[in-house]
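Here are the chains, one letter per residue:
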Amino acid sequence: MLRIPCPWCGPRDEPEFRWGGEVPVLRPGPPEAVCAAAWAEYLFMRENPKGWVRERWVHACGCRQWFVVIRNTVTHEIRATAPLGEPLPEIGP
Amino acid sequence: MLERRTPLESMPEGLMPDGLHLAAVRDRGLLLLQSASSPAMQQALERELGLPLPAAQQVTALGEYALLWLAPGQWLLDLPAKMTASIETALGGRLEATLAAVTDLSDALISLELGGALAPEILMSGCSVDLRPHAFPPGCLARTALAAVPAILWNPGAPERIRCLIECAFADHMLSWLRSATRR
Ligand SMILES: [Zn+2]
């Protein structure tokens, strides 16, 4: 089980959180100008890297805030977390 | 006029074993305070009640009032039930010109008080927060999952006491979980 450090509540067990997917994923627009391939890219395609990834989590059973986590998909190590919109270290090698 | 009742009404007092006391906290009101500006909320609370805003994961208390941190920009005011309507109106008035909301949650949540030397250990069998007295001193608060449901746990300052706020609908679940956790 992951121990995730919420920026407001501190480290808690993974079942208190919900995963919100990789960031950034930018919505294309305006809608009438976006072709099917671009929508498919936006809806379904992710980097899914082996290693460091930047993703969104929400502390669903705690303060209910969204934040960004830098996590290693191989080792599950968490390098940093930060509230949305605040700077995070760059993803390293 | 409807009679005001809580799901804990039928709860027998003092049913728990030695080392654990469980009681429903009665005649309390709860106001959810939300504000886009902490200074505006701070000023309204200080003028109305003389209560400072708590830091994250903390509670400030004054007399019959306790102010619980919930999240950035969100607090919960625990107050005597008979004061709820007048304080709601007064705070609402002071915050009128700002982006803020005061909401009466008195009937949405129930408040339990657990006491006794066993209380931290029993609660910790259902959540991932360290509630032992040295790690969870008076004024500490944690929002967490207790027995798989969202709960607000806080230390009201009395020795060996932990308050637990949960949604009304989970009252029966929580009581039966507490009974089985106590047997283990
Ligand atoms: Zn949190």
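Everything numeric here is computed off the predicted structure, so don't read it as measured data.

## Notes on the sheet that holds strand β5 (residues 74-80) of chain B
All names here are of chain B.
Phase 1: A sheet is described by the order of its strands in space; here five strands give the open sequence β3-β4-β5-β2-β6, paired in antiparallel fashion. Since the sheet does not close on itself, it has two edges, and those belong to β3 (59-62) and β6 (100-104), each with one partner. Direction aside, the axes of adjacent strands within the sheet are offset by 20° on average.
Phase 2: Where strand β2 (residues 28-35) and β6 come together, five bridges link them in antiparallel fashion. Bridging across to β6, Q34 finds its partner in A101.
Phase 3: Contacts between helix α1 (residues 38-49) and the sheet are confined to β2, β3, β4 (65-71) and β5, with β2 contributing the most and set at about 145° to the helix.

## Here's the deal with the coordination of the zinc ion
Residue and element names in this part refer to chain A.
Phase 1: Distances from the zinc ion to its protein donors, C6 (SG), C9 (SG), H59 (ND1) and C63 (SG), fall within 2.0 to 2.5 Å.
Phase 2: If you look at the zinc ion, its four donor atoms make angles of 105 to 120° with each other, and the shape they trace is tetrahedral.
Phase 3: Sequence positions of the residues that donate to the zinc ion give the spacing C-x2-C-x49-H-x3-C. Note on accessibility: H59 and C63 belong to one class, buried.

## Here we look at the domain arrangement of chain B
Residues and elements named next belong to chain B.
Phase 1: According to the domain assignment, chain B consists of domain 1 (12-26 + 107-182) and domain 2 (28-104).
Phase 2: Averaged C-alpha coordinates put domain 1 and domain 2 at centres separated by 23 Å.
Phase 3: Between domain 1 and domain 2, a total of about 1000 Å² is buried, with carbon and sulfur atoms accounting for 65% of that surface.
Phase 4: Inspection of the domain 1/domain 2 interface yields zero salt bridges.
Phase 5: Connecting domain 1 to domain 2 are four residue pairs in polar contact (both at pLDDT 80 or more).
Phase 6: Of all elements in the fold, only β8 (141-146), β9 (149-154) and β10 (161-167) reach the threshold of two or more residues within the side of domain 1 that touches domain 2.
Phase 7: Its residues assigned to classes, the side of domain 1 that touches domain 2 comprises seven nonpolar, one polar and three charged.

## Things to note about the pattern of salt bridges
All names here are of chain B.
Phase 1: Considering all chains together, one arrives at 10 salt bridges over all chains under this definition.
Phase 2: Two residues, D78 and R28, come together in a salt bridge whose shortest N-O distance is 2.7 Å. With a gap of 50 residues between them, D78 in strand β5 and R28 in strand β2 connect regions that are remote in the sequence.
Phase 3: Here D130 and R132 are joined by a salt bridge, their closest N and O atoms 2.7 Å apart.
Phase 4: Residue class for R132 comes out partly exposed when judged on its relative accessible area of 41%.

## Here we look at the sheet that holds strand β4 (residues 52-58) of chain A
Residues and elements named next belong to chain A.
Phase 1: Taken in spatial order, the four strands of this open sheet run β3-β4-β5-β6, and their pairing is antiparallel. Looking at which strands have only one partner, the edges of the open sheet turn out to be β3 (18-22) and β6 (78-83). Pairs of neighbouring strands in the sheet enclose a mean axial angle of 30°, with direction left out of account.
Phase 2: With five bridges connecting them, strand β5 (residues 66-72) and β6 associate as antiparallel partners.

## Thoughts on helix α4 (residues 171-183) of chain B
Phase 1: Here α4 of chain B is 13 residues long and its end C-alpha atoms lie 19 Å apart, about the 18 Å a rise of 1.5 Å per residue gives.
Phase 2: Looking at the buried residues of α4 of chain B, the elements they touch are β1 (21-24), β7 (109-115), α3 (119-124), β8, β9 and β10 of chain B.

## Description of the side chain of T182 of chain B
Residue and element names in this part refer to chain B.
Phase 1: Within the secondary structure layout, T182 lies in helix α4.
Phase 2: Of the residues examined, T182 reaches a relative accessible area of 16% and is grouped as buried.
Phase 3: A distance of 2.4 Å separates a polar atom in the side chain of T182 from the backbone oxygen of L178.

## Here we look at the nonpolar core
Phase 1: Ranked by size, the top nonpolar core spans 41 residues in total, and within it L33, L68, L76 and L77 of chain B carry the most contacts.
Phase 2: Put simply, the parts of the chain that give this core at least two residues each are β1 (3-6) and β5 of chain A together with β2, α1, β4, β5, α2 (84-94) and β9 of chain B.
Phase 3: Here this core takes seven residues from β4 of chain B, the largest share from any one element.
Phase 4: Counting contributing residues, this core receives three or more from each of domain 1 (12-26 + 107-182) and domain 2 (28-104) of chain B.
Phase 5: With sequence-adjacent residues up to four places away left out, L33 of chain B is seen in contact with M41, L45, L67, G73, Q74, W75, L77, L91, A101 and V102 of chain B.
Phase 6: Counting residues in each nonpolar core, the second largest holds 28 residues, with L20, L123, C140 and C164 of chain B among its members.

Thresholds, definitions, all that
- Residues numbered from 1 in each chain as written.
- Chains lettered and ligands numbered in written order.
- Predicted model: local features only at pLDDT ≥ 70, side-chain atom pairs only at ≥ 80, totals over all residues.
- Heavy atoms only, no water.
- Pairing = 2+ DSSP bridges.
- Helix = DSSP H or I, 4+ residues; strand = E, 2+ residues; numbered from the N terminus.
- Axes fitted to C-alpha atoms, helices over the stretch in contact; angles between N-to-C directions.
- Contact = heavy atoms within 4.5 Å.
- Donors = N, O, S within 2.8 Å, 3.2 Å for Na, K, Ca; no water.
- Tetrahedral: all angles 85-135°; square planar, octahedral: opposite > 155°, others 65-115°.
- Buried < 20%, exposed > 50% of the residue type's maximum accessible area, 1.4 Å probe, protein only.
- Domains from an automatic or database assignment.
- Buried area = accessible area lost by both parts, 1.4 Å probe.
- Salt bridge = Lys/Arg side-chain N within 4 Å of Asp/Glu carboxyl O.
- Polar contact = N/O pair within 3.5 Å; in protein donor to acceptor, adjacent residues only side chain to side chain.
- Nonpolar A, V, L, I, M, F, W, Y, C, P; charged D, E, K, R; others polar.
- Expected span 1.5 Å × (residues − 1).
- Core = buried A, V, L, I, M, F, W, Y, C linked by side-chain atoms within 4.5 Å.

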